[in-house]
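Close look at the chain arrangement
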Amino acid sequence: MDSFFSHTLAAILTIGIISFLYKDNPLYKFCESLFIGVSAGYWFVQQYYANLLPKLFDNLGITRMLGAENVPEGALQKLFLHGEWSEDLLYLIAGILGVMMLLRLVSRIGWISRWPMAFIVGSISGLYFITYFQSNAMRQMQNTILPLNSFNNLVLIVGTVTGIIYFYFSKEHKGLFGAAARVGVYFLMVTFGASFGYTVMSRMSLLIGRVDFLFGTWLGLVK
Amino acid sequence: MRRQIPLIITFIVGSVLIISVFIPHKPFGQLGENFSVYFDIIAVFAFILGAGNLLRVHGNRIYRKHKDWPYSVVTVAGFTVMMIAGLFKIGGSPGITGDLTEPGSMFEELYMYVFTPLMATMFALLAFFVASASHRAFRAKNKEATVLLLAAFVILLGRTPFGVKLTSWLPDPLSFLEIPNLASWIMSVPNMAGQRAIMVGIALGVIAMALRVILGVERTYLGADSE
Amino acid sequence: MKTFSYSFIFYCLLGLILLATTDGLAQVESSDSLLSPLLPPSEVIAEDHPGDAGGAIIVRWKLSPDEDKGITGYEILRSASPTAEFSSVGFAATGANRYVDANTEDSLTYYYKVVAIDADRNASESEISPPVRSSPQWFNFHLLNLLIIGGLICGAVIYFIAHAKKGKKFFLRKIAGLEAVDEAIGRATEMGRPILFIPGILDMDDVQTIAGITILGRVAKTIAQYETKLNVPTSRSIVMSTAMETVKEAYISAGRADAYSDDFVHYVTDEQFGYVAAVDGIMVREKPATCFYIGAFFAESLIMAETGNSIGAIQIAGTAMPAQLPFFVAACDYTLIGEELFAASAYLSGEPKQLGSLKGQDVGKIIAMLAIVIGALLETFFAISGSSFFGSLAELVHKLFSIVAS
């Protein structure tokens, strides 16, 4: 694409999105609609080439069957041509589950699409069970077991314990327990404030980047 | 039976994956990795449903001359052009093994001059929204909001030259009160304490929810109410 | 006088000769040391890497005594036989006394040697290690602590679920965001405006999205009863399919199957900012009275929440993304923080079994708090007294919560 044309197109789209800050308008609606369509198409193509093609079609040998001679033999070729078992044959399970998802469109047997959903939810629950427990619970607890011989360690331990007390569900926040929970709330507020303050400057730099494009790259007013 | 089989699948798959963490021997040790790949493959098949839904919704709007139907034409056209440009690698090296993002290809050009500016500008809008959120948050209507406000201010100032100059005059015994030092302390001590409390809570929440799902106590995701 | 002078000169000369000789001897000594061989590492032991699926061997050795005399590292050599040629499999830095060879075959026997190397490429080989074979294990004993503590917490959750089945009731404190759900839905009904539900930006392979969809099911049932319009734009296709099933069943179980429409849930785009552009468009055009943001979010959270504020909607958010919580807390009316997101579905259901699981979560919190407090006290006593008794106990508590890197 010609450089001036492409930069002008990018500038118009940039201004269109920024115009949303004033109010909803036809240019923003156009940019929004274009963004939805182009991005949906982009991700579909990406997923096809990054996931479906290499992980299913290449591994099973379907790509080679379709004429791509430079792709190595897949599991189906190994099984039917050489009588060898390959672990890649298990990707057939994923293919079958994927086809089951599509059966949603057939109302009489649409109920079968719950099987891949059950598979996904079950596997994610099992996988995250241990991952979260190790990294979020065990590691954090281990790092908080510190001697109380310094002010920082004391603050860290008090903050962590009172923060956990705040999240306690089965006891009313009253009396000493309630007071501890209130201390926990203050620590959480400090955490939120710190995250907020930390992020503000980085958000500003994003805007600086777009302003630089508009006034520098496109209009050439800033060098 | 139709409702029982999905619950059995969830139970078996979930339990096996939990147990497989403790069993390094094949095939258990690799199950987690394999199942992640299976998910990626299923997601691409599901995308056909998503794309179909997108085309159906916008197609309906065009057909019924909905209020903003011309914009639906833009969406459908953008989606179709991008998909064709990518799947058939127009303007680049064709064939299954050709490079999708080859410079000069239509897919690459659309990505550079349409997709990227739109994405970058939406991201840049955050600067405005963070300013309006700050304005609301910093009105400090109660003690909690005051604490949030003070912590945010100190961290914000601590990362700027102005913040450094503001308290550089403090004598050495009081140097811990200098804004950059205070900001560093807040990040590494009380902020860390709060983060750890949140993370421990999240881990316990995930464990309980995962158990409810695996044991079939929670079934809403299957479109079935719990018993 | 002359005698003194000659003696003086003689002794000076003797002194000079002695000085020169000593200096020379020193130089000879140091050049001797340059000529002496580098001392090799010793006690090389190779053993099967524990807790894995095979294919790895750990090689350990005692450092070369010349460690602080210019050794730059150690080369690990391997062979299938003590008499065959050894080939290099890797390097370890100076000071390191172990190496993991992760390219072994379980059916073969291996022998190892470790070679100390200095900057001048002088090398000194160790003795050959005893033979070793790698093998897979059926249980990873390094994760025994995880099994014990995880088992305790799971046991507590299952125990309280079982107890709840028998009719035992548990007290649960109120969570403001969840108490407000009915009020928020009622508000939308009164104003005749729709309800917007955003189930997060990630796919069903994130546990927060699963939590979001289960909450959608609960909220949709109430919405069905109020006959309010629902709009659920989704960013992922699997989420769209799951949400459709969930909402449809919620309407059926509320006895309002006739009011359900497939248009309630629709796919937008996988692209994060394309999705939020569409959501913003929905907000400013349809002006929903209530917005729910329940699931995993990234930077787009603030854009959505601020746009929701600008249209005057009640906003209830819930996420376990620590980086986005501050923005939801600042911009939304109610925020479910971290764990509250995962508890929300149980809360909203009101079912004893679900609520029982929350009690089990609390047992986990008690374990966490006790571990931290007891561990901290033991560490403090050890730091003050230096007693090995407290030191051992503190180390035990640390080990109980340690995670071994794989």
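Residues numbered from 1 in each chain as written. Chains lettered and ligands numbered in written order. Predicted model: local features only at pLDDT ≥ 70, side-chain atom pairs only at ≥ 80, totals over all residues. Heavy atoms only, no water.

So, the overall build of chain C
Operational definition: The helix count covers DSSP runs of H or I at least four residues long, the strand count covers runs of E at least two residues long, and both are numbered beginning at the N terminus. Restricting the calculation to C-alpha atoms gives the radius of gyration, and the globule rule supplies 2.2 Å times the number of residues raised to the power 0.38. Whether a residue is buried, partly exposed or exposed follows from its accessible area with a 1.4 Å probe, protein chains only, as a fraction of its type maximum: under 20%, in between, or over 50%, in that order. Between two residues, a contact is recorded if the distance between any of their heavy atoms is within 4.5 Å. Per-residue accessibility takes into account occlusion by the displayed protein chains alone, with areas from the Shrake-Rupley method and a 1.4 Å probe. Residues scored as charged are limited to Lys and Arg (positive) and Asp and Glu (negative), so that His and the chain ends carry no count. We put the charge of a Lys on NZ, of an Arg on CZ, of an Asp on CG and of a Glu on CD.
Within chain C, the secondary structure is distributed over eleven helices and 13 strands. Taken over C-alpha atoms, the radius of gyration comes to 36 Å for chain C, far larger than the 22 Å a tight globule of 406 residues would show. Along the first, second and third principal axes, the C-alpha set of chain C runs to 130 × 65 × 50 Å. Relative to its full complement of 406 residues, chain C shows a buried share of 54%. In chain C, the proportion of contacts linking residues at least 24 apart, taken out of those at least 6 apart, comes to 66%. Surface summary for chain C: the accessible area is close to 17,600 Å², and the carbon and sulfur share equals 61%. Considering chain C, the positive charge centre built from 29 side chains and the negative charge centre built from 45 side chains are found 10 Å apart.

Side note on the overall build of chain A
For chain A, the count of helices and strands is eight helices and zero strands. Its C-alpha atoms give chain A a radius of gyration of 28 Å, clearly above 17 Å, the size a compact globule of 223 residues would have. Along the longest, intermediate and shortest principal axes, the C-alpha atoms of chain A span 70 × 60 × 40 Å. For chain A, buried positions account for 55% of its 223 residues. Of the contacts made within chain A by residues no fewer than 6 positions apart, 23% connect residues no fewer than 24 positions apart. Accessible area for chain A stands at about 10,000 Å²; split by element, carbon and sulfur atoms hold 67% of it. A gap of 16 Å separates the mean positions of the 15 positive and 11 negative side-chain charges of chain A.

Overview of the sheet that holds strand β5 (residues 98–101) of chain C
Residues and elements named next belong to chain C. Counted only if it meets this: What makes two strands pair is DSSP finding at least two bridges between them. Only the stretch in contact is used when a helix axis is fitted, and all axes are lines through C-alpha atoms; the angle between N-to-C directions ranges over 0 to 180 degrees.
Pairing is antiparallel across the open sheet formed by three strands, whose spatial order is β1-β2-β5. In this open sheet, the two edge strands, each paired with only one partner strand, are β1 (42–48) and β5. Neighbour-to-neighbour, the strand axes of this sheet turn through a mean angle of 20°, independent of strand direction. Strand direction decides the pairing type here: strand β2 (residues 57–62) and β5, joined by four bridges, are antiparallel. Its bridge partner lying in β5, Ile58 is registered against Val100.

Brief notes about the packing of helix α6 (residues 114–144) of chain A against helix α9 (residues 190–214) of chain B
Heads up, the rule is: Should an angle lie under 35 degrees it is considered roughly parallel, over 145 roughly antiparallel, and from 65 to 115 roughly perpendicular; all remaining angles are considered oblique. Take the far helix as your reference; a near helix turned counterclockwise from it by less than a right angle gives a left-handed crossing, and one turned clockwise gives a right-handed crossing. Here the term charged refers only to Asp, Glu, Lys and Arg, the term nonpolar to Ala, Val, Leu, Ile, Met, Phe, Trp, Tyr, Cys and Pro, and the term polar to all other amino acids, Gly among them.
The N-to-C vectors of α6(A) and α9(B) enclose an angle of 155°; their axes lie 8 Å apart at closest approach. One way to sum up the angle between α6(A) and α9(B) is to call them roughly antiparallel. By crossing handedness, the relation of α6(A) to α9(B) is classed as left-handed. Looking at the contact of α6(A) with α9(B), its residues break down into 17 nonpolar, six polar and one charged.

As for the interface of chain A and chain C
Accessible area lost upon the coming together of the parts serves often as the stated size of an interface. Put simply, the rule is: Put simply, buried area is the surface a 1.4 Å probe can reach on two separate parts but cannot reach once they are joined, added for both. Salt bridges are defined as contacts in which a side-chain nitrogen from Lys or Arg sits within 4 Å of a carboxyl oxygen from Asp or Glu. Identification of polar contacts relies on pairs of N or O atoms within 3.5 Å, with a donor-acceptor requirement for protein atoms, meaning one able to donate a hydrogen and the other able to accept it, and with residues adjacent in sequence counted only if both atoms are side-chain atoms.
Contacts between chain A and chain C engage 52 residues on the former and 71 residues on the latter. Taking both partners together, chain A and chain C bury about 5,700 Å²; carbon and sulfur atoms supply 72% of that area. Counting the contacts that link chain A with chain C gives five salt bridges. Linking chain A to chain C there are 20 residue pairs in polar contact (both at pLDDT 80 or more). The set of elements that each furnish at least two residues to the side of chain A that touches chain C consists of α2 (26–60), α6, α7 (151–166) and α8 (175–218) of chain A. With 16 residues, the single largest contributor to the side of chain A that touches chain C is α6(A).

Things to note about the side chain of Asp118(C)
Residues and elements named next belong to chain C. Mapping Asp118 onto the fold places it in strand β6 (residues 111–118). This buried residue, Asp118, is left without a salt bridge; Arg121 holds the nearest opposite charge, at 7.3 Å. A polar side-chain atom of Asp118 sits 3.0 Å from the main-chain amide nitrogen of Asp120. With residues near it in sequence (within four places) discarded, Asp118 still touches Leu38, Gly70, Ile71 and Thr72.

With respect to the domain arrangement of chain C
Short version of the rule: The domain limits used here are those given by an automatic or database domain assignment.
Annotation of chain C at the domain level lists domain 1 (42–125) and domain 2 (181–332). Taking the mean C-alpha position of each, domain 1 of chain C and domain 2 of chain C sit 58 Å from one another.

Concerning the pairing of strand β11 (residues 290–294) of chain C
Residue and element names in this part refer to chain C. By the criterion of burial, β11 is predominantly enclosed, with five of the five residues buried. Residues Thr290, Phe292 and Ile294 point to one face of β11 and Cys291 and Tyr293 to the other, with burial holding for every one of them. Of the pairings in the sheet, the one linking strand β8 (residues 195–198) to β11 comprises four bridges and is parallel in character. Residue pairing across strands places Ile198 opposite Tyr293, the latter belonging to β11.

With respect to the interface of chain A and chain B
Each side of the interface is counted separately: chain A has 105 residues, and chain B has 105 residues. Summing both partners gives a buried area of about 10,300 Å² for chain A against chain B, and 81% of it is carried by carbon and sulfur. Linking chain A with chain B are three salt bridges, by the criterion used here. Across the salt bridge formed by Lys29(A) and Asp68(B), the nearest N and O atoms sit 3.5 Å from each other. Put simply, chain A and chain B have 13 residue pairs in polar contact (both at pLDDT 80 or more) between them. Listing elements by their share of the side of chain A that touches chain B, those giving two or more residues are α1 (3–18), α2, α5 (91–102), α6, α7 and α8 of chain A. For the side of chain A that touches chain B, the residue count by class is 68 nonpolar, 29 polar and eight charged.

Considering a nonpolar patch on the surface
Applied cut-off: Like-charged residues within 9 Å of one another, or nonpolar side chains (Val, Leu, Ile, Met, Phe, Trp, Tyr) within 5 Å, are grouped into patches, provided each residue has over 30% relative accessible area and no salt bridge.
A contiguous nonpolar patch, built from Leu148(A), Leu154(A), Val158(A), Val183(A), Val373(C), Leu377(C) and Phe381(C) and spanning about 500 Å² of accessible area, is present on the exposed surface. Breaking the nonpolar patch down by element, the ones donating at least two residues are α7 of chain A together with α10 (352–385) of chain C.

As for α6(A)
All names here are of chain A. Stated precisely, the cut-off is as follows: Given the number of residues in a helix, its expected span is that number minus one, multiplied by 1.5 Å. One fitted axis covers the seven residues ending at a residue, a second covers the seven starting there, and the bend at that residue is the angle between these axes.
Helix length check: α6, at 31 residues, gives a terminal C-alpha distance of 43 Å against a target of 45 Å (1.5 Å per residue), a fit within 8%. Maximal helix bending in α6 amounts to about 35°, located at Gln134. Burial within α6 is extensive, with 23 of its 31 residues counted as buried.

Topic: the domain arrangement of chain A
Residues and elements named next belong to chain A. Each domain of chain A was delimited in the assignment, giving domain 1 (1–60), domain 2 (80–145) and domain 3 (149–223). Once you take the C-alpha centre of each, domain 1 and domain 3 turn out to be 33 Å apart. The interface of domain 1 with domain 3 comprises seven residues on the first partner and five residues on the second. The contact between domain 1 and domain 3 buries some 570 Å² in all, and 80% of this surface belongs to carbon and sulfur atoms. For domain 1, the biggest contributors to the area lost against domain 3 are His7, Ala11 and Thr14; these three give 60% of the whole. Counting across the domain 1 and domain 3 interface gives zero salt bridges. Grouping the amino acids of the side of domain 1 that touches domain 3 by side-chain chemistry returns four nonpolar, three polar and no charged.

A look at the pattern of salt bridges
For the structure on display, the rule yields 21 salt bridges over all chains. In this structure, a network of salt bridges that share partners links the residues Arg104(A), Arg114(A), Glu245(C) and Glu249(C).

Considering the sheet that holds strand β3 (residues 71–79) of chain C
Strand pairs in the sheet, formed through backbone hydrogen bonds, run parallel or antiparallel to each other. All names here are of chain C. An order of β4-β3-β6-β7 is seen for the four strands of this open sheet, with the pairing classed as antiparallel. With partners counted over all chains shown, the strands left at the sheet margins are β4 (87–93) and β7 (123–125), one partner each. Taken pair by pair, the neighbouring strands of this sheet meet at an average axis angle of 25°, ignoring direction. In this structure, β6 lies alongside β7, joined through three bridges in antiparallel fashion. By the bridge assignment for β7, Val115 is matched with Glu125.

A short note on the confidence of the model for chain C
Residue and element names in this part refer to chain C. For clarity, the cut-off: pLDDT is a residue-level measure of predictor confidence that goes from 0 to 100.
The share of residues in chain C with pLDDT of 70 or more is 90%, and the mean pLDDT across the chain is 87. Per-element confidence in chain C ranges from a low mean pLDDT of 45 for helix α1 (residues 2–35) to a high of 97 for β8. Contacts from residues 1–7, a stretch scored under 50 in pLDDT, to residues over four places away or in other chains number zero contacts. Scored below 50 in pLDDT, residues 17–35 makes zero contacts in the model with residues more than four places away or belonging to other chains. Predicted complex, confidence summary: ipTM 0.90, pTM 0.86.

Re the nonpolar core
This is how it is decided: In plain words, nonpolar cores are sets of buried Ala, Val, Leu, Ile, Met, Phe, Trp, Tyr and Cys residues tied together by side-chain atoms within 4.5 Å.
In this structure, Leu230(C) and Tyr293(C) are the most contacted members of the largest nonpolar core, which totals 172 residues. A total of 17 residues in this core trace back to one element, the largest contributor, which is α2(A). Counting residues in hydrophobic clusters, the runner-up holds 42 residues, among them Val161(A), Ala180(A), Leu204(B) and Leu378(C).

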